[in-house]
Amino acid sequence: MAKKCSGVGFSSTCSKLFAKSFIHSKSSSEYVSSCKSLSNQFHYYQTRPITSNVKLHHCVMSQNMSRNRIKSSRTSRCFSRLMSSSDSTGSEVSLLPKARRAFMYVPGDSEKMVLKASQLLIDSICLDMEDGVADSSKDKARDNIAHSLDKIKFKESIDVCVRINPVSSTRAVKDLEAVFGSQNAPESICVPKVEDPAEVDWLLNKIYGLAMERPPSYTVHIVLICETPRAIINLQSICNEMNELSTMLNCNLVPDAIVFGSDDYLASVGATRTEDATEVLYVRQKLLMVAKMFSLQAIDMVYNDLANEQGLIKSCTEGKLMGFNGKQIINPKQIETVQTCFSPTEREIKWATGLVAEWEKMSSDGVGAILYEGKMIDMPLVKQARNILRVKQNMNL
């Protein structure tokens, strides 16, 4: 049974019609055609004619009313998301419910690799149909992943994600239909080469239609990969569209993370990868800033030199200090190093625990700053300390 889109006042019948139309949408032209069909059935919501670039919510209700309600609902959702990750004092800490310190790609056409990955001590594995698979093996990867989701028992602690082919490709529809045709659909969907809000619009509506018959408790976490200049320039609009549409559909589509695809980005601008990665510093900072603005995880770039552990540690440390939540990896030998680097150290935990305890003791007297371990401490440092403790709790350290 479809869930009501209560955030914008749709009836259950309308929700079903949305899902039915988008389950069969194969292209952007069919997408617009579906909008027109819906607008005829629900014409009393319309305020202007349908055009080729009209989005879903413009087809069905007044543009101003929908935007205002969506923004209000989005604000409420973001606040709830922050508060659900807050500590006992109510401090806002933007953390996701599941850690992704290491985000490892697994070629979906290899049954052996998928089986091995299912038992690893890792936060998240991404069963890959895209760049990690040759063009000639993509159909095999799709079938194998769909089969594996039902036949393999993955560790409960692992976030099982599936990377489909780009929305702009001819394979995306079949990829999504195969994945959601499995009895055990994945917890997360990873979408590469997202460049435009319209791609997010199509994606979320397609997933909504495919997932609508699943139990109300089923949640699809959305992970987007940005890997071109166009994607970076449009990232704020992409995230805004993702948040607004997931709120409007109100059907457990959860925007979760933004991933930086460094190798494709470098190829698209004609840059050369260097050890210190200064050529992508601005892009990493831009992606990180936008992701945090929307309370999303930011997942850092792959480190390709498998033989250079010190280089991996340096890259991880730099990413952690910048604010990234985790790192993409391409080999199981990188798991322990990456997850250790993106975890709070014993020293950090001890410092944070003592600082928060001292602050709570002294702040009851109305002070705005305290002296702790010889340093002046005010609220921004207290928030950093609480964040460390929340990370510790989230990772069960």
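Bear in mind the structure is a predicted one, so any value in this text is a computation, not a measurement. (Residues numbered from 1 in each chain as written. Predicted model: local features only at pLDDT ≥ 70, side-chain atom pairs only at ≥ 80, totals over all residues. Heavy atoms only, no water.)

### Focus on the overall build of the protein
Here is step 1 of the chain: From N to C terminus, the protein includes 16 helices and ten strands.
Here is step 2 of the chain: Each of the 397 residues in the protein was classed as buried or not, and the buried ones make up 53%.
Here is step 3 of the chain: For the protein, contacts bridging at least 24 residues in sequence account for 73% of all contacts bridging at least 6.
Here is step 4 of the chain: Accessible surface for the protein amounts to roughly 18,300 Å². Of this, 53% is attributable to carbon and sulfur atoms. (Helix = DSSP H or I, 4+ residues; strand = E, 2+ residues; numbered from the N terminus. Buried < 20%, exposed > 50% of the residue type's maximum accessible area, 1.4 Å probe, protein only. Contact = heavy atoms within 4.5 Å. Areas by Shrake-Rupley, 256 points an atom, 1.4 Å probe, with all protein chains shown as cover.)

### Some points on the pattern of salt bridges
Here is step 1 of the chain: Under the criterion given, the structure shown has 18 salt bridges.
Here is step 2 of the chain: Salt-bridge contacts for Glu130 lead to Lys193; the nearest nitrogen and oxygen are separated by 2.6 Å. Pair noted here: Glu130 is in the loop between β2 (124–128) and α6 (138–151) and Lys193 is in the loop between β4 (188–191) and α8 (197–211), with a separation of 63 residues, a long-range link.
Here is step 3 of the chain: When its relative accessible area of 3% is taken as the criterion, Glu130 is described as buried.
Here is step 4 of the chain: Judged by relative accessible area, Lys193 falls into the partly exposed class, the value being 23%.
Here is step 5 of the chain: Each of Asp128, Glu130, Asp131, Arg163, Lys193, Glu227 and Asp264 takes part in one network of salt bridges that share partners. (Salt bridge = Lys/Arg side-chain N within 4 Å of Asp/Glu carboxyl O.)

### Examining the sheet that holds strand β8 (residues 326–329)
Here is step 1 of the chain: A barrel is described by the order of its strands in space; here eight strands give the closed sequence β1-β2-β3-β4-β5-β6-β7-β8, paired in parallel fashion. Across the sheet, the mean angle from the axis of one strand to that of its neighbour is 30 degrees, orientation sign disregarded.
Here is step 2 of the chain: On the sheet, α8 packs against β4, β5 (220–226) and β6 (253–260) and is oriented at approximately 155 degrees with respect to β5. (Pairing = 2+ DSSP bridges. Axes fitted to C-alpha atoms, helices over the stretch in contact; angles between N-to-C directions.)

### Description of the packing of aromatic side chains
Here is step 1 of the chain: Inspection of the entire model under this criterion finds two aromatic pairs.
Here is step 2 of the chain: Arranged with centres 5.5 Å apart and planes meeting at 80 degrees, the rings of Phe103 and Tyr105 form a pair that is edge-to-face.
Here is step 3 of the chain: By relative accessible area, which is 1% here, Phe103 ends up buried.
Here is step 4 of the chain: Sitting over the face of the ring of Tyr218, Arg214 holds its NZ or CZ atom 5.5 Å from the ring centroid. (Phe/Tyr/Trp six-rings, centres within 6.5 Å; stacked < 30°, edge-to-face > 60°. Lys NZ or Arg CZ within 6 Å of the ring centre and 35° of its normal.)

### Thoughts on helix α15 (residues 346–363)
Here is step 1 of the chain: The end-to-end C-alpha separation of α15 is 25 Å, in line with the 26 Å expected for 18 residues at 1.5 Å each.
Here is step 2 of the chain: Within α15, the full set of buried residues consists of Ile349, Ala352, Leu355, Val356 and Trp359. In an axial view of α15, the angular spread of the buried residues amounts to 140 degrees, which keeps them on one side of the axis. Opposite the buried face of α15, at more than 90 degrees from it, the exposed residues are Glu346, Arg347, Lys350 and Lys361. (Expected span 1.5 Å × (residues − 1). Arc of directions from axis to C-beta.)

### Brief notes about the pairing of β8
Here is step 1 of the chain: Relative to β8, strand β1 (residues 102–107) is paired through three bridges, and the arrangement is parallel. Bridge pairing in β8 places Met104 opposite Ile329.
Here is step 2 of the chain: Direction of pairing for strand β7 (residues 297–300) relative to β8: parallel, over a ladder of two bridges. Looking at β8, one finds that Ile299 is bridged to Gly326.
Here is step 3 of the chain: Each parallel crossover has a hand, and for β7 linked through helix α13 (residues 309–322) to β8 it is right-handed. (Right-handed = clockwise from strand over helix to strand, strands pointing away.)

### A few points about the nonpolar core
Here is step 1 of the chain: Counting 75 residues, the largest nonpolar core has Leu127, Phe180, Leu203, Leu224 and Ile258 as its most contacted members.
Here is step 2 of the chain: At eight residues, the largest contribution of residues to this core is made by α8.
Here is step 3 of the chain: Discounting residues that sit within four places of it in the chain, Ile258 has contacts with Leu224, Cys226, Leu235, Cys239, Met242, Leu287, Ala291, Leu296, Gln297, Ala298 and Ile299. (Core = buried A, V, L, I, M, F, W, Y, C linked by side-chain atoms within 4.5 Å.)

### Overview of the confidence of the model for the protein
As a general rule, the predicted coordinates of low-pLDDT regions are not to be interpreted in detail.
Here is step 1 of the chain: Across the protein, the average pLDDT comes to 80, with 74% of residues at or above 70.
Here is step 2 of the chain: Counting interchain partners and residues more than four positions distant, the pLDDT-below-50 stretch residues 1–24 has 62 contacts.
Here is step 3 of the chain: Confidence drops under pLDDT 50 across residues 35–96; counting only partners more than four residues distant or on other chains, this segment forms 112 contacts. (pLDDT = per-residue confidence, 0-100.)

### Digging into the packing of α8 against helix α10 (residues 235–249)
Here is step 1 of the chain: Contact geometry for α8 and α10: axes closest at 9 Å, N-to-C directions at 25 degrees. With respect to each other, α8 and α10 are oriented roughly parallel. Classified by chirality, the crossing of α10 by α8 is right-handed. Across the interface between the two elements, Pro197, Val200, Asp201, Leu204, Asn205 and Tyr208 of α8 pack against Ser237, Ile238, Glu241, Met242, Leu245, Ser246 and Leu249 of α10. (Parallel < 35°, antiparallel > 145°, perpendicular 65-115°, else oblique. Left-handed = near helix turned anticlockwise from the far one by under 90°.)

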